[in-house]
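# Observations on the model geometry
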Amino acid sequence: QVQLVESGGGLVQAGDSLRLSCVASGRTLSNTAMGWFRQAPGKERDFVAAINWSGLGTYYADSVAGRFTISRENGKNTVYLQMNSLEPEDSAVYYCAASLKGPGGTESLYDYWGQGTQVTVSS
């Protein structure tokens, strides 16, 4: 069993940056792919970014490519999402997820989920 805890969300202004963290406990993340998803009020949960076990393979939704960066520190069992040039449309609850099957943009690939952290971007 894996427990994932996200942190780093908050209220910021458009153009600002935030870094989200996701710390895992219960097992090592070194052999798992990780992903970030987000869900805005009244909308479905959408893929944001994913990273393979080594950190050498990263994948992004078109809406965040060039602004967001996913990274990981396996020694700290932690995954990060650096978010720059934030826009009001980025406001959502951001979820961290772990996949034993490999990285990707589909929710069904992911076996474990965190509780989410709120990001609100004001205009």
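Whatever comes next refers back to the structure up there.
Quick look at the structure, then.

### A closer look at the side chain of Glu6
Within the secondary structure, Glu6 is located in strand β1 (residues 3–7). For the buried Glu6, no salt bridge exists, and the shortest N-O distance to an oppositely charged side chain is 7.5 Å, to Arg45. A polar contact of 2.9 Å, which involves the side chain of Glu6, links it to the backbone nitrogen of Gly116.

### With respect to the environment of Gly55
Locating Gly55 in the fold gives a position in the loop between β5 (46–51) and β6 (58–60). In sequence terms Gly55 and Ser71 are 16 residues apart; their C-alpha atoms lie 6.5 Å from each other.

### Notes on the nonpolar core
Counting 34 residues, the largest nonpolar core has Leu4, Met34, Trp36, Leu81, Met83 and Tyr94 as the members making the most contacts within it. Among the elements of the structure, β3 (18–25), β4 (33–39), β5, β7 (68–73), β8 (78–83), β9 (92–99) and β11 (117–122) are those that each provide at least two residues to this core. Once residues within four sequence positions are removed from consideration, Met83 is found in contact with Asp16, Ser17, Leu18, Leu20, Arg67, Phe68, Tyr94 and Val119.

### Describing the state of the cysteines
Within the structure shown, the criterion is met by one disulfide. Paired through a disulfide, Cys22 and Cys96 show a sulfur-sulfur distance of 2.0 Å. Because the torsion about its S-S bond is -75°, the bridge between Cys22 and Cys96 counts as left-handed. A residue pair is termed long-range when its members are at least 10 positions apart, and Cys22 in strand β3 and Cys96 in strand β9 qualify at 74 residues. Here Cys22 and Cys96 have matching classes, each one buried.

Parameters and conventions
Residues numbered from 1 in each chain as written. Predicted model: local features only at pLDDT ≥ 70, side-chain atom pairs only at ≥ 80, totals over all residues. Heavy atoms only, no water. Helix = DSSP H or I, 4+ residues; strand = E, 2+ residues; numbered from the N terminus. Buried < 20%, exposed > 50% of the residue type's maximum accessible area, 1.4 Å probe, protein only. Lys, Arg positive; Asp, Glu negative; His and termini not counted. Salt bridge = Lys/Arg side-chain N within 4 Å of Asp/Glu carboxyl O. Polar contact = N/O pair within 3.5 Å; in protein donor to acceptor, adjacent residues only side chain to side chain. Core = buried A, V, L, I, M, F, W, Y, C linked by side-chain atoms within 4.5 Å. Contact = heavy atoms within 4.5 Å. Disulfide = S-S within 2.5 Å.

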